[in-house]
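# Coordinate analysis (summary)
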Amino acid sequence: MTQAVLYPILGLELAYWQETTIRVLLGLVALLLLTGGAVYLYLFKFVSFMQSRLGPMEAGPYGSMQLLAEVGKWLQKEDIFTEDSDKFIFGIAPAVVLASTFLMFVVIPAGPNAVVADLGTGIYFVLAMSSLSVIGILMAGWASANKYALMGALRAGGQLIAYELPLILAVVGVVISAGSLNLQDIVAAQSDGAIFGWTGIGNPYILTQIVGFTIFLIAVQAELTQTPFDMPIAESELVAGYQVEYTGIRFLVYFIAEFATAVAFAAVASTLFLGGWQLPGAWGISDGAMNAIGPIMISTKAVLLVGVVFWVRFSLPRFREDQLQKLAWKVLIPLALANIVVTGVMKVVF
Amino acid sequence: MNSAALIIAEVVPLVTPETTFDVPANVVFAVQAVVMIFAALRVVTTKNVVHAALWLVVVLGGVGLNYILLQAEFVAVTQFLVYLGAVIVLFLFGVMLTRAPLGVSDDLDNNQKKIGIGVGVALLAVLSYALIESFGRSELTFAAYEGVAGPNTNGRTQAVSDAIFGQYLIPFEMLSLLLLAALIGAIVLARRD
């Protein structure tokens, strides 16, 4: 990491800690902007139009400042702890979930040099960090001193563990095809690839790994606990599951974590299957230009994929708990394993 | 010696280079070691079973940090995924599914406490002796992989996979067989018919 982000643009020579600070801050800004944009676009407007209503219109033009108003409202609310709750664990549980979300963004590349840390373990790191949020959810459910919260946390635990397996197994097909765990290498493998010798659009893995892509998106829907997999917070059965005792800023943290995780998984899916930030290598666009185009490419793809998640969320009814487990263990995992075998054979044959 | 330790020994060769004293790494190790020892003591002394599991999160996360300090990135991420993301979650899940009272429980100790302390101290003595005997004053080289790594850390991950699927293929397959046997055993025990 000798070449700084700003070096090619401003000619600044930065120390390692300065460069790292800039990378982390830019990463945080990108994360919050994309999350806020996705919430406004989909949760406020997209769903309103699906239900033949306008959605928020008062705050700012077309209600675009609504989210700031909502955040202001949450920040003013009283921070309530229930009498019997384990105060410390209850208090830090949202932070654990949010930290797990933020860590996922560390390795997602948005350009040749626009990545917080280009780790060799790349996608493996993302999946490991995303699995840590379960600890925060279990902490929240237990510390709330509420039967509904505990039930919700247990459901979340079972669901997130069950769907972590198809999520990881779906990624293995891409890793075999690209021959690397590093996300930059996976992006490069797609942009430099060829479809039967034709390099016009590279070789995005959605073409060869369509099964993996589908399994990945279904598993992401469950990992995000969005409908039809929202049993942990099912309002008609568990009031609000593990979030039931949370108000104010701590509830806001869960809200941000939920949508930021959606953006993170969508960005990962675009990187793995849709070519990531890179345009096809045959187009011959320089690295300098891609540093500007790349973030736009990956953001657009990620926001569109978040749209798919929300489209499914607002279209389908909730599954039953046993159907959820059956889908993961009896359908998705065998299918993902078969996908790995076929991909491995194809990799050796071709 | 378990497989993770073997891989570490493989990936981070203990040679004697010229400049190895890495101040930040040593400071981080000192802080993390103190935190881990404190958390490990709290695991066995705390009066709440869920708190014990959560203190164990700190201990196992510290082990992962230790692997990062040894530049074994892949092993560290595996530690986070397997121990924090799965083992601890199953601990918490199991404890909460059966009995997890809030507040203080007085019946967490049993009469094997003294034997446990004895075994723990004996294990500490044996391991300390073995480590000091075999490594003595040799120092870790923190710069060993700079040349291989380039801008990212792919080199280290490749070194791990080469070790697992080359030199240590048979132990690796034996471990997977062991896990399979445990899996089948669990199913046999759980089935009533």
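How each quantity is defined
- Residues numbered from 1 in each chain as written.
- Chains lettered and ligands numbered in written order.
- Predicted model: local features only at pLDDT ≥ 70, side-chain atom pairs only at ≥ 80, totals over all residues.
- Helix = DSSP H or I, 4+ residues; strand = E, 2+ residues; numbered from the N terminus.
- Contact = placed C-beta atoms within 7 Å.
- Core = buried A, V, L, I, M, F, W, Y, C linked by C-beta atoms within 7 Å.
- Buried ≥ 20, exposed ≤ 12 C-beta atoms within 10 Å, placed from the backbone.
- Nonpolar A, V, L, I, M, F, W, Y, C, P; charged D, E, K, R; others polar.
- Axes fitted to C-alpha atoms, helices over the stretch in contact; angles between N-to-C directions.
- Parallel < 35°, antiparallel > 145°, perpendicular 65-115°, else oblique.

Another aspect to go through is the overall build of chain B. A count of helical and extended segments in chain B gives eight helices and zero strands. Taking as baseline every contact in chain B between residues at least 6 positions apart, the subset at least 24 positions apart corresponds to 73%.

Turning next to the nonpolar core. Soluble globular proteins: nonpolar side chains tend toward being buried together. All names here are of chain A. Counting 125 residues, the largest nonpolar core has A153 and V263 as its most contacted members. For this core, the element with the most residues is helix α7 (residues 147-178), which contributes 17 residues. In this view, V263 contacts L34, T35, A38, A302 and V306; residues no more than four positions away in its chain are not counted.

The subject of this paragraph is the interface of chain B and chain A. Of the residues lining the interface, 25 residues belong to chain B; the matching set on chain A comes to 28 residues. Broken down by element, the side of chain B that touches chain A gets its largest block of residues, 14 residues, from helix α4 (residues 73-98) of chain B. The residue inventory of the side of chain B that touches chain A, partitioned by class, reads 18 nonpolar, five polar and two charged.

Another aspect to go through is the packing of helix α3 (residues 49-69) of chain B against α4 of chain B. All names here are of chain B. Orientation of α3 relative to α4, taken along the N-to-C sense of each, is 175°, at an axis distance of 8 Å. As judged from the angle between their axes, α3 and α4 are roughly antiparallel. In contact with V49, V50, A53, L56, V57, L60, G61, V63, G64, Y67 and I68 of α3, α4 contributes E73, V75, A76, Q79, F80, Y83, L84, I88, F91, L92 and V95. Here the contact of α3 with α4 is composed, by residue class, of 18 nonpolar, three polar and one charged.

With that out of the way, let us pick up the packing of helix α5 (residues 122-131) of chain A against α7 of chain A. Residues and elements named next belong to chain A. Where α5 meets α7, the closest approach of the two axes is 11 Å, and the angle between their N-to-C directions is 175°. Between α5 and α7, the angle is such that the two are roughly antiparallel. Residues I123, L127 and S131 of α5 pack against E164, L167, I168, V171 and V175 of α7.

Residues and elements named next belong to chain A. In terms of burial, helix α8 (residues 183-191) is a largely internal element, seven of the nine residues being buried. Looking only at α8, the buried set comprises L183, Q184, I186, V187, A189, Q190 and S191. Elements in contact with the buried residues of α8: α5, α7 and α11 (248-273).

Next up on the list: the environment of M231 of chain A. Residues and elements named next belong to chain A. Counting through the fold element by element, M231 comes out in the loop between α9 (210-223) and α10 (235-238). Residue M231 is classed as buried on the basis of its C-beta count, with 24 C-beta atoms lying within 10 Å. For the pair M231 and R155, spaced 76 residues apart in the sequence, the C-alpha separation amounts to 6.8 Å. Every residue in contact with M231, bar those within four places of it in the chain, is listed here: R155, Q159, R318, E321 and L324.

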